[in-house]
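Here's the letter readout for the chains.
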Amino acid sequence: MDFELRDKVKEYVYDIDTYIPGEMVEDYIKLASNENNYGPSPRVVETLREYADKVNIYPYREGEVREAVAEYCGLSRENIAAGNGSDELIELVLKVFKGPVLYFNPTFGEYRICSQILGERFYSINLEQDFSFPLDRYLGKAKEANILFLCSPNNPTGTAISLGDIKKILELGKPTVVDEAYFEFCGETSAPLLREYDNLIILRTFSKAFALGGLRAGYAISSPEVVELLYKVRQPFSVNSFAQVAALAALDDVAFMERNVEKIKEDREMLYKKLGGRFRVYESDANFVLLDSAPMTSQELFKRLYEKRIIVRKLGGFPGFEGDYTRITVGTSEENKKLIKALDGIIQ
Ligand SMILES: Cc1ncc(COP(=O)(O)O)c(C=O)c1O
């Protein structure tokens, strides 16, 4: 049958920029997706094995997960909504609240993609040329928007936004998302502001510091009213049983995560110094570093490292900014040594 697809599709769907995940090749060192290459706690692995023969039962440990997350955050269960990664929570926020959306550039691509998916209008403003946060310009543009996205520490620049700036934005009284996917590598959080601001929605994930990226578990921290609304628009079983039990096991062994985060933070400083001798590198509060690869192109750097079986994230140019950018995840100590050695062979 002759089917005129174009006539049947919502017009805006053709404009959506499909998310492109970081490349993965078995036996290569992957430093492209800000994962934690030390992997999850052995307690997580053991729990997943034990759970393998229980997957006939629908997920039922949501309450326990919310309770355990609340304890980790020093809040109560009513403040926590679990999600299928923080990606899902971004979408849920956009399902609950009216647009338009405001975010800044460069930042995590999902704010824009999810706005497009939901047919929501969106605006963006550029960070300053040194990637610092342009508070006044953001406040100015925020007048035209209703959902405000902030990423702190920001992916891909690694920079955090000060609590003072976040407070000034919350004062506008608009739903404000602070994406803290990299919180554990930075240590600073907006969570204390929840006492004063019901419009604050913090997003966190088990994908980064807790090393559960493959399982898809994240959570939102907000007022009980907002949390209830997020649950209204969420699929009932979006966090699967493996993700639930893994999150619980990970929270039962926070010390394991903290030890690895410490190693990653030490190596982040080491990489910053070593890479800084060769490229323009940005100081990061997350588990990655951003660099401008000049005089090499990001494509050339990617290719040369790929030949040495190391995969980094080639970002290229950001509209409105000079430079050709590459983001490199801080791997395990052994991987980071190999990265430095590989770079020594590339740039003399
Ligand atoms: C800033 C930011 N937010 C959210 C996510 C998505 O995390 P999750 O795996 O929880 O969906 C990422 C992943 O890279 C990220 O960088």
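Just so we're clear, the structure is a prediction, and the values are computed from it rather than from any experiment.

Asks: Teacher, can you tell me more about the sheet that holds strand S2 (residues 80-83) here?
Replies: Strand pairing in a sheet relies on backbone hydrogen bonds. The paired strands run either parallel or antiparallel. Across the sheet, 7 strands lie side by side as S2-S8-S7-S6-S5-S3-S4; this open sheet has mixed pairing. Across the chains shown, the open sheet's two edge strands, defined by having one partner strand only, are S2 and strand S4 (122-126). Strand-to-strand twist in this sheet, taken as the mean axis angle between neighbours without regard to direction, amounts to 25°. Taken together, the 2 bridges between strand S3 (residues 101-105) and strand S5 (residues 147-151) define a ladder with parallel strand orientation. Bridging from a neighbouring strand, valine 101 pairs with isoleucine 147 of S5. The strands touched by helix H9 (residues 224-232) within the sheet are S2, strand S7 (200-205) and strand S8 (218-221), with S2 carrying the most contacts at an inclination of about 25°.

Asks: Before we go on, may I ask you to explain the site of the ligand in this structure?
Replies: Not every one of the 13 residues close to the ligand is listed here, only the nearest: Ser86, Asp179, Thr205, Ser207 and Arg216. A distance of 2.5 Å is found between an oxygen atom of the ligand and a side-chain nitrogen or oxygen belonging to threonine 205. In this structure, an oxygen atom belonging to the ligand sits 2.8 Å away from a side-chain N or O atom of lysine 208. Compared with its free state, where it exposes 400 Å², the ligand has 94% of that area covered by protein. The element contributing the most residues to the shell around the ligand is helix H4 (residues 85-96), with 3 residues.

Asks: Looking at this model, I keep getting lost on the state of the cysteines. Mind explaining?
Replies: A disulfide bridge is the covalent bond that connects two cysteines by way of their sulfur atoms. This structure, assessed with the given rule, holds 0 disulfides. Cysteine 186 supplies the cysteine sulfur nearest to cysteine 73, a cysteine that is in no disulfide, at a spacing of 15 Å. Cysteine 73 sits in the buried class, given a relative accessible area of 18%. Here cysteine 186 is not cross-linked by a disulfide; its sulfur's nearest cysteine counterpart is in cysteine 151, at 11 Å.

Asks: What is the right way to look at the packing of helix H2 (residues 42-51) against helix H10 (residues 241-251) in this model?
Replies: The description of two packed helices rests on the angle between their axes and on the distance between the axes. Axis separation between H2 and H10 bottoms out at 8 Å; the angle between their running directions is 145°. For H2 against H10, the interelement crossing comes out right-handed. Taken together, the residues of H10 that come into contact with H2 (itself represented by Arg43, Val44, Thr47, Leu48 and Tyr51) are Ser241, Phe242, Val245, Ala246, Ala249 and Ala250. Residue composition of the contact of H2 with H10, by class: 8 nonpolar, 2 polar and 1 charged.

Asks: I tried to follow unusual backbone geometry on my own but got confused; where do I start?
Replies: Excluding glycine, residues mostly have negative phi values, and the peptide bonds linking residues are mostly trans. Cis rather than trans, the peptide bond between asparagine 105 and proline 106 has omega equal to -5°. Cis peptide bonds are those with omega within 30 degrees of zero, and the linkage from alanine 294 to proline 295 qualifies with 10°. Assignment of secondary structure puts proline 295 in the loop between strand S10 (288-292) and helix H12 (298-307). With phi around 70°, arginine 216 is a residue other than glycine that occupies positive phi space. Even without glycine at this site, arginine 309 takes up a positive phi of about 65°. Here arginine 309 lies in the loop between H12 and strand S11 (310-316).

Asks: Sorry if this is basic, but what is going on with the domain arrangement of the chain here?
Replies: Reports often express the size of an interface as the amount of accessible area lost when the parts come together. Parsing the chain into structural domains produces domain 1 (5-39 + 255-346) and domain 2 (42-253). With centres defined by C-alpha atoms, the gap from domain 1 to domain 2 works out at 22 Å. Taken together, the contact between domain 1 and domain 2 spans 33 residues of the former and 35 residues of the latter. Both faces considered, domain 1 and domain 2 share a buried interface measuring about 2,700 Å² in area, 61% of it formed by carbon and sulfur atoms. Contact with domain 2 buries area across many residues of domain 1, yet Met257, Asp285 and Phe321 alone supply 24% of it, more than any other trio. There are 1 salt bridge connecting domain 1 and domain 2. Among the ionic pairs, aspartate 17 bridges to arginine 112, the shortest N-O distance being 2.8 Å. Linking domain 1 with domain 2 are 14 residue pairs in polar contact (both at pLDDT 80 or more). Among the secondary structure elements, those contributing two or more residues to the side of domain 1 that touches domain 2 are helix H11 (254-276), S10 and strand S12 (325-329). Here the side of domain 1 that touches domain 2 gets 7 residues from one element, more than from any other, and that element is H11.

Asks: Explanation requested: the pattern of salt bridges in the structure shown.
Replies: Between side chains of opposite charge, a pair can form as their charged atoms come close. With the rule as written, the count across this model stands at 20 salt bridges. The partner of glutamate 91 in a salt bridge is lysine 95, with the nearest N and O atoms 3.7 Å apart. Taken together, the positions of glutamate 91 and lysine 95, both in helix H4 and 4 residues apart, correspond to about one turn of that helix. Lysine 95 sits in the partly exposed class, given a relative accessible area of 39%. Between arginine 278 and aspartate 344 there is a salt bridge, and its shortest N-O distance comes to 2.0 Å.

How each quantity is defined
Per-chain numbering applies: the sequence of each chain, read as written, is numbered from 1 onward. Side-chain atom pairs in this predicted model are given and counted only at pLDDT of 80 or more, local residue features only at pLDDT of at least 70, and totals for whole chains, interfaces and linings cover all residues. Computation of side-chain values covers all heavy atoms of the structure but excludes hydrogens and water. When DSSP locates at least two bridges between a pair of strands, those strands are taken to pair. Secondary structure is summarised from DSSP: a helix means a run of H or I of at least four residues, a strand means a run of E of at least two, and numbering begins at the N terminus for each. Axes here mean lines fitted to C-alpha atoms, for a helix over just the part in contact, with angles spanning 0 to 180 degrees between N-to-C directions. Any two residues whose heavy atoms approach within 4.5 Å at even a single point are treated as in contact. Being near a molecule or strand, for a residue, means having at least one of its heavy atoms within 4 Å of it. Between N or O atoms, a polar contact is any pair within 3.5 Å; within protein, one atom must be a potential hydrogen donor and the other a potential acceptor, and residues adjacent in sequence are included only when both atoms are from side chains. Computed by Shrake-Rupley with a 1.4 Å probe, the accessible areas treat only the displayed protein chains as cover when residues are assessed. The definition used for a disulfide is geometric: two cysteine sulfur atoms within 2.5 Å. Under the scheme applied here, a residue whose accessible area is under 20% of the maximum for its type counts as buried, over 50% as exposed, and between as partly exposed, the area being computed with a 1.4 Å probe on protein chains only. Helix crossings fall into two classes, left-handed where the near helix is turned counterclockwise from the far one by less than a right angle and right-handed where it is turned clockwise. In the scheme used here, Gly and all other residues not listed as nonpolar or charged are polar, with Ala, Val, Leu, Ile, Met, Phe, Trp, Tyr, Cys and Pro taken as nonpolar and Asp, Glu, Lys and Arg as charged. An automatic or database domain assignment provides the domain bounds reported here. Buried area is calculated as the accessible area (1.4 Å probe) missing from two parts once they are joined, with the contributions of both summed. The rule for a salt bridge is simple: a side-chain nitrogen of Lys or Arg has to be within 4 Å of a carboxyl oxygen of Asp or Glu.

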